[in-house]
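Listed below are the residues making up each chain.
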Amino acid sequence: MKGFRTSSVLLLSFAGLLLGAASAKVVNIGYSGPLSGGAAGYGKDVQSGLLMAIDEINAAGGVTVKGEKVTFNLVSLDDRYLPNETATNVKRLTSQGISTIFVPHAGGILTVQPLTKQDPNFLLVAYSSEPKILEANNPLTFMLPPRYDNYVAPFVKQEMTTFGKKLGLVGTTSAYGKAWAGVVSAEWQKQGGTLGTDNGVDYGTTVDYSSAVTKALAEKPDVLFIGGPSQPTALVVKAAREQGFKGGFIVMDQAKFEQMNQVVPQSYLNGAVGVLPVAQFPGTQVFVAQYSRKYKKIPTSEAALNYMGVNIVVSAMVAAGSTDDAQAIRAKLTSAALSLPRGKTIFKINGVTTAGHVDADVLAAYVKDGQFTRLRLPASLLK
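Owing to the predicted nature of the structure, the values given are computational and were not obtained by experimental measurement.

## A few points about the packing of helix H6 (residues 149-163) against helix H7 (residues 175-190)
Any two packed helices are characterised by how steeply their axes cross, that is the angle between the axes, and by the distance between the axes. Contact pair H6 / H7: the axes reach a minimum separation of 9 Å and the direction vectors enclose 55 degrees. Considering the angle they form, H6 stands oblique to H7. For the element pair H6 and H7, the recorded crossing hand is right-handed. For the pair H6 and H7, the contacting residues are Tyr151, Val152, Ala153, Phe155, Val156, Glu159 and Met160 in the first and Trp180, Val183, Val184, Glu187 and Trp188 in the second. For the contact of H6 with H7, the per-class residue count stands at ten nonpolar, no polar and two charged.

Rendered as structure tokens:
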């Protein structure tokens, strides 16, 4: 009888846990990103960060919002990196009552920003460094990464000082890549350098980069501007080094060193300046270990900053006392960001600006002798 009683108590306790889980309100968070096609790896890296944060929150029993227990679920839709499909997906998500939606590419973000203020409105969490996102002055946008123009002046100074004044260009020809190339070119000339011909190619469709690199190197540049998704960017580096290029690289922020060095030797990246790997930021060790164990790969900022974004938004929901009032949630982002444990924030966060941008201490990387040297961005550029 004693064993029967013990079993009964265990069964009742288990049933109580199931009842508690079943009674929790499930809130859907939306995601529209590239899950197929040439940018699928990028989109899935973003998705993994979102899912990791949600899984952790749910495993801890969810959160309590205005006295109600809440857990979360991610609803993901593939937009193939096409802004018109992003807009279609966002309308579909909002029609399902979803009021927080993550989008990880500038074209899609800029296309759907006007939709945030329609009925029903929603909080748009933007993973892109395009400055135009902030310039839109959209009150329901929350932008996670640093603006890319923060990087440009320090990158140009580092490379021009180290290697010389002639710049070649072999970046990707996406709208984002062209915008980056334009800003880098202008800054390069501003600092006294000269430009070669723009030999940019579509990193999404090109397989062999040798021809474009050959054309760029024929003009004897000291530095090459390159960048797009990480793997093809690494192939551009490979082509340049194998053709004898000894100079430096300005690497667009879409490409990540910790993925590039899985394609080419780390020594090939010597003299390159770009985004500091997530594992090199102070306080990220626990996140990196947990992510690597869960997904069997190294996390880049795609995963890390979207993981951070979910945690900030959920904390803001708790502070706002609402899971669906986008304006109230947006108003609590600063207090939510400042309240998070350091291990969930990746950057050291100082708050969220009135424009809806994460205000954080950001570091870049310069590769020297096979090691990542931290390159601090001027504080005046980060606001």
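## Focus on unusual backbone geometry
With an omega of 5 degrees, the peptide bond running from Asp119 to Pro120 counts as cis. Here Pro120 lies in the loop between helix H4 (106-112) and strand S5 (123-126). For Tyr81, which is not glycine, the phi dihedral falls at a positive 70 degrees. Considering the arrangement of structural elements, one finds Tyr81 in the loop between strand S3 (68-78) and helix H3 (83-95).

## Quick notes on the packing of aromatic side chains
Applying the stated criterion to the full structure yields twelve aromatic pairs. Here the aromatic rings of Tyr148 and Tyr176 are separated by 5.6 Å at their centres, their planes lie at 85 degrees, and the arrangement is edge-to-face. Placement of Tyr148 in the loop between strand S6 (141-143) and H6 and of Tyr176 in helix H7 is noted, with a sequence separation of 28 residues between them. Both residues of the pair, Tyr148 and Tyr176, belong to the buried class. Every member of this aromatic cluster is reached through a ring pair, and the members are Tyr148, Tyr176, Trp180 and Phe225.

## Here we look at the side chain of Thr323
Following the sequence through the fold, Thr323 ends up in the loop between helix H12 (301-320) and helix H13 (326-331). A distance of 3.2 Å separates the side chain of Thr323 from the side chain of Lys25, its partner in a polar contact. Sequence-distant contacts of Thr323, that is, excluding residues within four places in its chain, are made with Lys25, Val27, Val65, Val70, Ser99, Met317 and Ile329.

## So, the sheet that holds strand S4 (residues 100-103)
Either a parallel or an antiparallel arrangement is found when strands of a sheet pair, and the pairing is made through backbone hydrogen bonds. Across the sheet, six strands lie side by side as S2-S3-S1-S4-S5-S6; this open sheet has mixed pairing. Each edge of the sheet is formed by a strand with only one pairing partner; in this case those strands are strand S2 (63-65) and S6. On average, each strand axis in the sheet is tilted by 35 degrees relative to the strand beside it, whichever way the strands run.

## What about the layout of surface pockets?
Put simply, the second largest pocket is a space of about 180 Å³. Around the second largest pocket sit Glu56, Ile57, Ala60, Gly62, Val63, Asn311, Val314, Ser315, Val318, Leu340 and Lys344, which together line it. Of all the elements in the fold, those that place two or more residues in the lining of the second largest pocket are helix H2 (40-59) and H12. Among the elements that line the lining of the second largest pocket, the one with the most residues is H12, at four residues. Along the lines of polarity and charge, the residues of the lining of the second largest pocket split into six nonpolar, three polar and two charged.

## Some details on the sheet that holds strand S7 (residues 166-171)
Taken in spatial order, the seven strands of this open sheet run S8-S7-S9-S10-S11-S14-S15, and their pairing is mixed. Of all strands in the sheet, those with a lone pairing partner are strand S8 (194-198) and strand S15 (371-376), marking the two edges. Sheet twist, expressed as the mean angle between neighbouring strand axes with direction ignored, is 25 degrees. With six bridges joining them, strand S14 (residues 363-368) and S15 adopt antiparallel strand pairing. Bridged to Ala365 within S15 is Arg374. Taken strand by strand, H6 contacts strand S9 (223-227), strand S10 (248-251), strand S11 (272-275), S14 and S15, and its axis lies near 175 degrees from that of S10.

Thresholds applied
Residues numbered from 1 in each chain as written. Predicted model: local features only at pLDDT ≥ 70, side-chain atom pairs only at ≥ 80, totals over all residues. Heavy atoms only, no water. Axes fitted to C-alpha atoms, helices over the stretch in contact; angles between N-to-C directions. Helix = DSSP H or I, 4+ residues; strand = E, 2+ residues; numbered from the N terminus. Parallel < 35°, antiparallel > 145°, perpendicular 65-115°, else oblique. Left-handed = near helix turned anticlockwise from the far one by under 90°. Contact = heavy atoms within 4.5 Å. Nonpolar A, V, L, I, M, F, W, Y, C, P; charged D, E, K, R; others polar. Phe/Tyr/Trp six-rings, centres within 6.5 Å; stacked < 30°, edge-to-face > 60°. Buried < 20%, exposed > 50% of the residue type's maximum accessible area, 1.4 Å probe, protein only. Polar contact = N/O pair within 3.5 Å; in protein donor to acceptor, adjacent residues only side chain to side chain. Pairing = 2+ DSSP bridges. 1 Å grid on protein atoms, 1.4 Å probe; cavity = no way out; pocket = protein on both sides within 12 Å on 5 of 7 lines; lining within 4 Å. Points joined across faces, edges and corners; volume = space filled by probe spheres on them.

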